[in-house]
Amino acid sequence: MKIGYSNNKEIRERSSSGGVVTSLLIGALENNLVDKIVVVDLDENFKPKYKLVSTKEEIIQAAGSKYSLMNMIELVRLIKSTKERLAIVCLPCHIRLLRRLENVKYIIGLFCGYNMPYEATEFLLKKLKIKKDDIIEMSYRGKNNGFSVITKTKEIHLPKYYYDFLNLMFVSEGCLKCKKFMNEEADISVGDCYENYTLITSRTSLGKELLNCADITTKSITEEEVFRLHKHNINHKKFGFSRSILKVFGRYFPVKFLGWLCGIRKRFKDELYYCKTKEWSYEDVGRFWDTVEEYDKFNEISAHNKRFSGTQDMIIIPENSKILDIDCRTGDGAVFFKDKIKRIICISPSENFLKICERRLKDNNINGKTLLLKEIPIYYEAGCFDIIFCFETLEHISNHNEFLNELNRLLKLKGKMLLTTPSKLWSIVHFLVAVFNIHHSEGYRRFLSKKEIRSLLNNNGFKILKEKTSVYLPFGLGLRRTFICEKEY
Ligand SMILES: Cc1cc2nc3c(=O)[nH]c(=O)nc-3n(C[C@H](O)[C@H](O)[C@H](O)COP(=O)(O)OP(=O)(O)OC[C@H]3O[C@@H](n4cnc5c(N)ncnc54)[C@H](O)[C@@H]3O)c2cc1C
Ligand code: SF4
């Protein structure tokens, strides 16, 4: 067993370990041992792709490990598309199939601890807030030896273990059960070693031939040292300890668990603050909602949508009604009722939500406008709306009387309001899910009892026509109150 590195500085800089694989491939080509090489390069969308290459530059361009599962059928098609003699680099699980293909002359086998679908890369890019269109360069083993990405505006170089950590969430079922590590059936097996060195084991006469024509520097290493360096993967693959832990808890468990704990103190303090604050402004609410990322993704759950689906039969929306959706969030209410809507004004204190809402109105061909809610009174004339939607908003209002009085002003006489709000029981659930990072926080809030809501509506000129309480969570924890009211005076 040996360790080594390429004698070419450019290769060393672009490669994963010592650049030995790249040098072996160049040596094979330049000494006419093969006609072409199969490498893994990134395509124009920064997705790993098998490529047939025949120049030194192309081989160097493809240096570096790509930690992403790839399509074997594409690989076989590519190899069968030519009769020329090939050298190829592969993972242990691919080698048996490749050995059956006649034109594959040399196989360089990478060690392999695990692999993940491309989804893991996309997840990481998303978390780094990087759009594919902005990427100039990306590498799984760049600066810092880890995931690197350079965009038009920033450079990010993560340590190697950051990408490795995604393993807990994305490792494929096959890799979890895989016992292959050192690619024993290859002509030469290679793996990581000390920084800037590749670990090399030549296993066949063809392997020795390749080594002889590569421009590399090598020295010996003992088996004990190799075992020490790769103890973790040897234990994991051959004895299966960590695999059995993952099997017991499921691969998502550790990540979810850590997600629950990270930042728990701050979230706890924030929730206490939101619950204890007695008075807040519409601008405070807007600023809070603007901090909530991926609101729609979080709320793609049926309990959220029940505020619309569970109440739609309780109200008849007359044709040509002008509707006001107060604190419309991202416009999901307007989209849900779109077949019944002729004109709608969506109001929210959040600028971010309104931007999304505007787009949704347009995409769904809804005749609507948006307005930023900063204070009361609201810009519109008295009595100009036929219907008001007030979905899960009352609990986020600081001054209930002022708010309901304003809604009454905006509604025509005998106009209807559809109001939903969670029961008081919901407050503890909101608190806990936000503290444990299971759901976004709801920010400033104060939940009202049924009695309080009834009294507020009556005191502000509304007559309650219908009332419903629905259970919308397992265990009967979450109750939603729905009121259909009419403007009485
Ligand atoms: C998914 C994966 C898991 C790995 N796990 C381990 C591990 O647990 N322990 C360890 O010691 N080493 C592991 N390696 C190998 C290690 O990352 C290096 O590839 C190896 O040390 C060779 O380094 P080098 O500098 O000599 O190669 P380089 O000169 O950088 O050349 C690498 C070559 O591999 C090719 N290649 C890149 N990605 C792939 C891929 N997915 N499939 C096939 N060919 C590819 C490239 O085209 C390039 O020609 C893994 C590699 C991969 C791709
Ligand atoms: S862990 Fe095993 S199955 Fe997964 S990519 Fe590596 S060799 Fe293939």
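Residues numbered from 1 in each chain as written. Chains lettered and ligands numbered in written order. Predicted model: local features only at pLDDT ≥ 70, side-chain atom pairs only at ≥ 80, totals over all residues.

## Remarks on the environment of Ser189
Consideration 1: Mapped onto the fold, Ser189 is located in strand E9 (residues 188–192).
Consideration 2: Along the sequence, Ser189 and Gly109 sit 80 residues apart, while their C-alpha atoms lie 4.6 Å from each other.
Consideration 3: Excluding residues within four positions of it along the chain, Ser189 makes contact with Gly109, Phe111, Met182, Asn183, Glu184, Thr201 and Arg203. (Helix = DSSP H or I, 4+ residues; strand = E, 2+ residues; numbered from the N terminus. Contact = placed C-beta atoms within 7 Å.)

## Let's talk about helix H7 (residues 160–170)
Consideration 1: Among all positions of H7, only Leu166, Asn167 and Phe170 are buried. The arc that holds the buried residues of H7, viewed along the axis, is 125°, so those residues lie on one side.
Consideration 2: Check the buried side of H7 and you find it contacts helix H6 (118–127). (Buried ≥ 20, exposed ≤ 12 C-beta atoms within 10 Å, placed from the backbone. Arc of directions from axis to C-beta.)

## Observations concerning the site of ligand 2
Consideration 1: Neighbouring ligand 2 are the residues Leu91, Pro92, Cys93, Cys112, Tyr114, Asn115, Gly174, Cys175, Cys178 and Lys180.
Consideration 2: Across the shell around ligand 2, the residue classes break down as 7 nonpolar, 2 polar and 1 charged. (Near = placed C-beta within 6 Å. Nonpolar A, V, L, I, M, F, W, Y, C, P; charged D, E, K, R; others polar.)

## A short note on the sheet that holds strand E1 (residues 2–6)
Consideration 1: Spatially, the 8 strands line up as an open sheet ordered E3-E2-E4-E5-E9-E10-E1-E11, and their pairing is mixed. On the outer flanks of this sheet lie strand E3 (48–53) and strand E11 (216–220), each paired with one strand and no other. With strand direction ignored, the average angle separating the axes of adjacent strands in the sheet is 30°.
Consideration 2: Across 3 bridges, the pairing between strand E2 (residues 36–42) and strand E4 (residues 86–90) is parallel. If you follow Ile37 over to E4, its bridge partner there is Ala87.
Consideration 3: Of the strands in this sheet, E1, E2, E4, strand E5 (104–110), E9, strand E10 (198–202) and E11 are in contact with helix H2 (residues 20–30), which crosses E1 at around 70°. (Pairing = 2+ DSSP bridges. Axes fitted to C-alpha atoms, helices over the stretch in contact; angles between N-to-C directions.)

## Structural notes on the sheet that holds strand E13 (residues 343–348)
Consideration 1: The strand order across the open sheet formed by 7 strands is E14-E13-E12-E15-E16-E18-E17, and the pairing between neighbours is mixed. Edge positions in the open sheet fall to strand E14 (368–372) and strand E17 (462–471), since each of these has one partner strand only. Each adjacent strand pair in this sheet contributes to an overall mean axis angle of 15°, direction not counted.
Consideration 2: One ladder, built from 5 bridges, connects E13 with E14; its direction is parallel. Within E14, the position partnered with Ile345 by the bridge is Lys369.
Consideration 3: Its contacts with the sheet place helix H19 (residues 351–363) against E13 and E14, and it is angled at close to 175° to E14.

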